[in-house]
Amino acid sequence: MAVLEVRGLTKHFPIHAGFLAKTFSGAKDKMIKAVDGVSFEVGEGEILGVAGESGCGKSTTCLLLSKLHKPSGGEILFKGRNIADLDADGLRQYRKDVQMIFQDPYESLNPRFTIFDTVAEGPRALKLWPEEEIQTRVMDMLADVGLRPEEYAQRYPHQMSGGERQRAGIACALVMKPELVIADEPLSMLDVSIRAGIMDLLKRLSTEMKFSCIYVSHDLSILSNVSQRLMIMYLGQVMEIGPTDEVIANPQHPYARALINAVAVPDPRYRRPIPDIRGEVAQPIDPPPGCRFAGRCPAVIDACGQDPAPRFVDFGLGHRSACHLVAAGAGS
């Protein structure tokens, strides 16, 4: 059963031309299409990895799912219920059930709060349990994430290392026993030497606490270790999605293939070919019709630059790719 269903999710940000530009040069308003028609599901206890270049819409999607941004269109269904229709009690429950781990632990922790008060803030704000129970749960949660309560409970964020702060951020998200955790690049601000420990911690807690997770990262080597399914985004749209092992071993979309081929191999004798991608990442401001990757694709055909956008082709086991070339091959 799917815990989360996302259908045609869209987020557009308007850019309004100034009065003088409109008057003298006829400039028109433009639209940033940060997320444009994204659809996917997350099953119970599943970790869905989300990968893509900067600006592809990963973080905006996370903010929409956590209800920190309002969608321009589409539906987000949590356990079958559209979160746009939630009343006050429903929203309170959603805030408990869906938690987010932010990219920068220092920016996401209140510098005026001790770690104990920071982790206790959510349960206190939502009035989940009596204060005595909150104190017990917070101390237990600190121990679960590897922070000794007697040593770290009364510390402030500036008195901790980056890895310790991220463990505190994880405790903030998990203390309320959520059903879905959205981890937006939780390792990117940490030293390489401590990333493995945080990654193993999240894997272990997801198994023990049985929560589903959306794990966002630039690093496909991380996602290959933590996620059961992998979704690859480019310029606000999904290019490919499927079981992680299948997508990495048999990528169908040219962008997915290039992204996977760019992962470093720990063998100095191996010479990986340079991905044949042209130019820079396109801007999401009023993007051209058709496939968003057409301007950089080495296998572009005439249909790629024309509407409609490519449809998804299913290769079985839930492995799907949106590419005109793939669709043409599947239909032949």
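See the structure printed just above.
Okay, so let's go over this structure. These numbers come from a predicted model, not from an experiment.

**Notes on the side chain of Lys 58**
Here is step 1 of the chain: Summarising the element assignment, Lys 58 is placed in helix α2 (residues 58–65).
Here is step 2 of the chain: A distance of 3.3 Å separates a polar atom in the side chain of Lys 58 from the backbone oxygen of Glu 53.
Here is step 3 of the chain: For Lys 58, the residues in contact, after removing those within four places along its chain, are Val 50, Ala 51, Gly 52, Glu 53, Glu 185, Val 216, His 218 and Met 233.

**Quick look at the sheet that holds strand β8 (residues 212–216)**
Here is step 1 of the chain: The strand order across the open sheet built from 8 strands is β6-β7-β8-β3-β9-β10-β12-β11, with neighbouring strands paired in mixed fashion. With one partner strand each, in any of the chains shown, β6 (98–101) and β11 (312–314) form the two edges of the open sheet. The sheet shows a mean angle of 20° between the axes of neighbouring strands, taken without regard to direction.
Here is step 2 of the chain: Bridge count for strand β3 (residues 47–51) against β8 is 4 bridges, and the pairing is parallel. Within β8, the position partnered with Gly 49 by the bridge is Tyr 215.
Here is step 3 of the chain: Strand contacts of helix α8 (residues 162–174): β6 and β7 (180–184), with the helix running at about 175° to β6, the strand carrying the most contacts.

**A few points about the pattern of salt bridges**
Here is step 1 of the chain: Under the definition given, this model contains 13 salt bridges.
Here is step 2 of the chain: With its nearest N and O atoms 2.4 Å apart, the salt bridge here joins Asp 36 to Arg 292. Pair noted here: Asp 36 is in strand β2 (residues 30–43) and Arg 292 is in the loop between α12 (254–261) and β11, with a separation of 256 residues, a long-range link. Taken as a pair, Asp 36 and Arg 292 share a single burial class, namely buried.
Here is step 3 of the chain: Arg 124 is the partner of Asp 117 in a salt bridge, and the nearest nitrogen-oxygen pair spans 3.1 Å.
Here is step 4 of the chain: Here the salt bridges do not stand alone but share partners, grouping Glu 5, Arg 7 and Glu 75 into one network.

**With respect to the sheet that holds strand β4 (residues 73–78)**
Here is step 1 of the chain: Read across the open sheet, the 4 strands follow the order β2-β1-β4-β5; overall the sheet is antiparallel. The open sheet terminates on both sides in strands that have one partner only, identified here as β2 and β5 (81–82).
Here is step 2 of the chain: When strand β1 (residues 2–15) meets β2, the two strands line up antiparallel, connected through 11 bridges. Paired with Phe 13 across the two strands is Ile 32, which belongs to β2.
Here is step 3 of the chain: Strand contacts of α2: β1, β2 and β4, with the helix running at about 115° to β1, the strand carrying the most contacts.

**Quick look at helix α5 (residues 115–126)**
Here is step 1 of the chain: Listed in full, the buried residues belonging to α5 are Ile 115, Phe 116, Thr 118, Val 119, Ala 120, Pro 123 and Leu 126.
Here is step 2 of the chain: For α5, the secondary structure elements touched by its buried residues are α3 (88–97), α6 (131–144), α7 (149–152) and α8.
Here is step 3 of the chain: At the C-terminal side of α5, Lys 127 shows a positive phi close to 55°.

About the criteria used
- Residues numbered from 1 in each chain as written.
- Predicted model: local features only at pLDDT ≥ 70, side-chain atom pairs only at ≥ 80, totals over all residues.
- Heavy atoms only, no water.
- Helix = DSSP H or I, 4+ residues; strand = E, 2+ residues; numbered from the N terminus.
- Polar contact = N/O pair within 3.5 Å; in protein donor to acceptor, adjacent residues only side chain to side chain.
- Contact = heavy atoms within 4.5 Å.
- Pairing = 2+ DSSP bridges.
- Axes fitted to C-alpha atoms, helices over the stretch in contact; angles between N-to-C directions.
- Salt bridge = Lys/Arg side-chain N within 4 Å of Asp/Glu carboxyl O.
- Buried < 20%, exposed > 50% of the residue type's maximum accessible area, 1.4 Å probe, protein only.

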